[in-house]
Amino acid sequence: MLTTWIRHNLNSWLKSMPEREIRFAKQGEEDVIIDFLREHWHAEFSVVKSRTLFDFLYSGKSGPNFVLAYDGQTLVGILGLSFYDEMRTDVFLTLWRSIDTRVTTGIDMLKFVLEQNYDSISSVGTREEVLIIYKLLKFNTGSMDQWVKFNGDLGSYQILKHGDLPPKRPLHDRGAETIHEVSGFDPRLQYFSEPPAGSPFKSHAYLTKRYLQHPNYSYRVFEYSKDGEVLNYFVTRTVEYNGATALRLVDCVANDIGFVPFSAYVDSLFASEGHEYIDMYCLNLKSDTLTQAGFYDCAIVEDLVVPNFFEPFVQEAEVKHFITTLDAPCLYKGDGDADRPFRLV
């Protein structure tokens, strides 16, 4: 009798719940998403305060790039998407939040994305507590590597928190003459016609918009060429605190090709601009190449803190997690929407 009563009441409760709909966002739903973020993410979140930044990061041809979950007329979940080319073959997951009117709301949105049969699905900056969900869905998960190269000519540091810094590593290939700061990406780069297998492909149009048209951040692009042929681009962003500056390497378009000559060029930037260091979050770059370029793995330098938060500044390191359906992709801090301001300061 008790079992029958429970089954009857459970069925009645389920029938009384509003019908849930999971779908892509449509034109005109931007304000609804922003209101949801204001209430369930943070009222001071940058994309809540700036419609320009929201549109830059998430606007799509047929509406904002979000998967939405509705219970009746009420928005109960969002999952943001970032596409790297018009073919929409590789997708990065961005803002994922549900208010759990049903326990499976968030998972159902993720399954909806999986059903679209994209070539790959990845994310950088994933919260540690949800990694188990991705693991159950057969994603590869883990933490990004953080590498740093110090300006050894400085007597003190404002941004870094450190004990005894390791010695400056000599470079084995100076080659700085092959590096130039440029104002755009050359479409003749071999990467665009023959992208390396195993990593998400970023189109010329995407890179141009992402790094040269950002409404809040100013990026610098450095071109590596050899014998007149352009082989790679390195993208950095300068951060500042209390009058001190540092460089953050957020993207390497063709991965570690020319990394040592680029590092040699960074030495000239240290000398002329006085940056404390250059750091990068990355995955699956060759550690031997980074070491040869004078970089240190932050995880093995004792008492070192290379901050990740500058809006506002917090002198704390961050373990940055990733998820991906790929086996061993090269990923960076600039992927998806990971390199965006949290607050507008």
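Here, the structure is the one placed above.
The shown structure was predicted, so the numbers you read here are calculated from the model rather than taken from an experiment. Within every chain, residues take consecutive numbers counted from 1 along the sequence as written. Local features in this predicted model are restricted to residues whose pLDDT is 70 or higher, and side-chain atom pairs enter the listing and the counts only when it is 80 or higher, whereas totals over whole chains, interfaces and linings include all residues. No hydrogens and no water enter the side-chain calculation; it runs on all heavy atoms of the structure.

**Points about the overall build of the protein**
Point 1. Secondary structure elements are defined from DSSP: runs of H or I of at least 4 residues count as helices, runs of E of at least 2 residues count as strands, and each element is numbered from the N terminus. Looking only at helices and strands, one finds 10 helices and 17 strands in the protein.
Point 2. In this treatment the radius of gyration is a C-alpha quantity, and the globule benchmark scales as 2.2 Å times the residue count to the 0.38 power. In terms of overall dimensions, the protein is globule-like: its C-alpha atoms have a radius of gyration of 22 Å, near the 20 Å expected for 345 residues.
Point 3. In terms of overall dimensions, the protein has a C-alpha envelope of 80 × 45 × 35 Å along the principal axes.
Point 4. Going through the 345 residues of the protein one by one, you find that 52% of them count as buried.
Point 5. Expressed as a percentage of contacts within the protein between residues at least 6 apart in sequence, the contacts between residues at least 24 apart total 71%.
Point 6. For accessible areas, the Shrake-Rupley method is used with a probe of radius 1.4 Å. Any residue's cover is judged against the shown protein chains and nothing else. About 16,600 Å² of surface is accessible on the protein, with carbon and sulfur atoms providing 49% of the total.
Point 7. This count recognises Lys and Arg as positive and Asp and Glu as negative, with His and chain-terminal groups excluded. Every charge is mapped onto a representative atom, which is NZ of Lys, CZ of Arg, CG of Asp or CD of Glu. Positive and negative charge centroids in the protein, built from 34 and 48 side chains respectively, lie 6 Å apart. Each residue is placed in one exposure class: buried if its accessible area under a 1.4 Å probe, protein chains only, is under 20% of its type's maximum, exposed if it is over 50%, and partly exposed if it falls in between. Contacts: residue pairs with any heavy atoms within 4.5 Å of one another.

**Re helix 9 (residues 259-273)**
Point 1. One less than the residue count of a helix, multiplied by 1.5 Å, gives the span that helix is expected to have. The first and last C-alpha atoms of helix 9 sit 20 Å apart over 15 residues, in line with the 21 Å expected at 1.5 Å per residue.
Point 2. Of all 15 residues in helix 9, 11 are buried; the element is thus mostly enclosed.
Point 3. The complete set of buried residues in helix 9 reads Phe259, Val260, Pro261, Phe262, Ser263, Ala264, Tyr265, Val266, Asp267, Leu269 and Phe270.
Point 4. Two residues or fewer after helix 9 comes Gly274, characterised by a positive phi angle close to 75 degrees.

**Structural notes on the packing of aromatic side chains**
Point 1. Ring pairs are drawn from Phe, Tyr and Trp, using the six-membered ring of Trp, whenever the two centres fall within 6.5 Å, and their geometry is named by plane angle: stacked under 30 degrees, edge-to-face over 60, tilted for the rest. All chains considered together, the criterion is met by 25 aromatic pairs.
Point 2. Both rings, one in Tyr211 and one in Tyr219, keep their centres 4.9 Å apart while their planes meet at 80 degrees; by these two values the pair is edge-to-face. Across this residue pair, the class does not change: Tyr211 and Tyr219 are buried.
Point 3. Both rings, one in Phe310 and one in Phe313, keep their centres 5.4 Å apart while their planes meet at 55 degrees; by these two values the pair is tilted.

**Thoughts on the side chain of His321**
Point 1. By the element assignment, His321 lies in strand 16 (residues 321-324).
Point 2. The residues touching His321, leaving out its near neighbours within four places in the chain, are Ser123, Val124, Gly125, Thr126, Glu128, Leu131, Gly142 and Ser143.

**Here we look at the pattern of salt bridges**
Point 1. The term salt bridge refers to a side-chain nitrogen of Lys or Arg lying within 4 Å of a carboxyl oxygen of Asp or Glu. Under the definition given, this model contains 20 salt bridges.
Point 2. For the salt bridge of Asp31 with Arg51, the shortest nitrogen-to-oxygen distance reads 3.0 Å. With Asp31 in helix 2 (residues 30-40) and Arg51 in helix 4 (residues 51-58), this residue pair connects regions lying 20 residues apart in the sequence.
Point 3. Overall, the relative accessible area of 38% leaves Arg51 in the partly exposed class.
Point 4. We note a salt bridge from Arg38 to Asp35, for which the minimum N-O separation is 2.6 Å. With Arg38 and Asp35 both in helix 2 and three residues apart, this pair spans about one turn of that helix.
Point 5. A relative accessible area of 37% means that Arg38 is categorised as partly exposed.

**Quick word on the side chain of Arg237**
Point 1. Along the chain, the position of Arg237 falls in strand 10 (residues 229-241).
Point 2. Among the polar contacts listed, one links the side chain of Arg237 to the side chain of Asp339, at a separation of 2.7 Å.
Point 3. Excluding residues that lie within four positions of it along the chain, Arg237 makes contacts with Tyr217, Ser218, Tyr219, Ala246, Leu247, Arg248, Glu311, Lys333 and Asp339. Each polar contact in these results corresponds to two N or O atoms within 3.5 Å; when the atoms are within protein, one needs to be able to donate a hydrogen and the other to accept it, and residues that are neighboring in sequence are counted only if both atoms are side-chain atoms.

**Looking at the sheet that holds strand 3 (residues 74-83)**
Point 1. Strands are treated as partners if at least two bridges between them are detected by DSSP. The mixed open sheet is built from seven strands, whose spatial order is 1-2-3-4-5-16-6. Lying at the two open borders of the sheet, with one neighbouring strand each, are strand 1 (20-24) and strand 6 (140-143). Across the sheet, the axes of successive neighbouring strands diverge by a mean angle of 20 degrees, strand direction being ignored.
Point 2. Helix 2 rests against strand 2 (66-71), strand 3 and strand 4 (90-98) of the sheet, and its axis sits at about 105 degrees to strand 3.
Point 3. In this description, a line fitted to the C-alpha atoms serves as the axis of each element, helices being fitted only across the stretch in contact, and the angle between N-to-C directions of two axes falls anywhere from 0 to 180 degrees. With respect to the sheet, helix 5 (residues 105-114) is in contact with strand 1, strand 2, strand 3, strand 4 and strand 5 (120-126), its orientation differing from that of strand 4 by roughly 165 degrees.

**Structural notes on the state of the cysteines**
Point 1. Note on terminology: pairs of cysteine sulfur atoms within 2.5 Å are recorded as disulfides. Applying the stated criterion to the full structure yields zero disulfides.
Point 2. Here Cys282 stays free of any disulfide, with the sulfur of Cys252 as its closest cysteine sulfur at 7.5 Å.
Point 3. The exposure class assigned to Cys282 is buried, which follows from its relative accessible area of 1%.
Point 4. Cysteine Cys330 is unpaired, with the sulfur of Cys282 as its nearest cysteine sulfur at 8.4 Å.

**Observations regarding unusual backbone geometry**
Point 1. Across the junction of Glu311 and Pro312, the peptide omega takes the value 0 degrees, indicating a cis bond.
Point 2. Tracing the backbone shows Pro312 in the loop between strand 14 (309-310) and strand 15 (313-314).
Point 3. At Lys138, a position not held by glycine, the phi torsion is positive, near 75 degrees.
Point 4. As for its position among the elements, Lys138 is in the loop between helix 6 (131-136) and strand 6.

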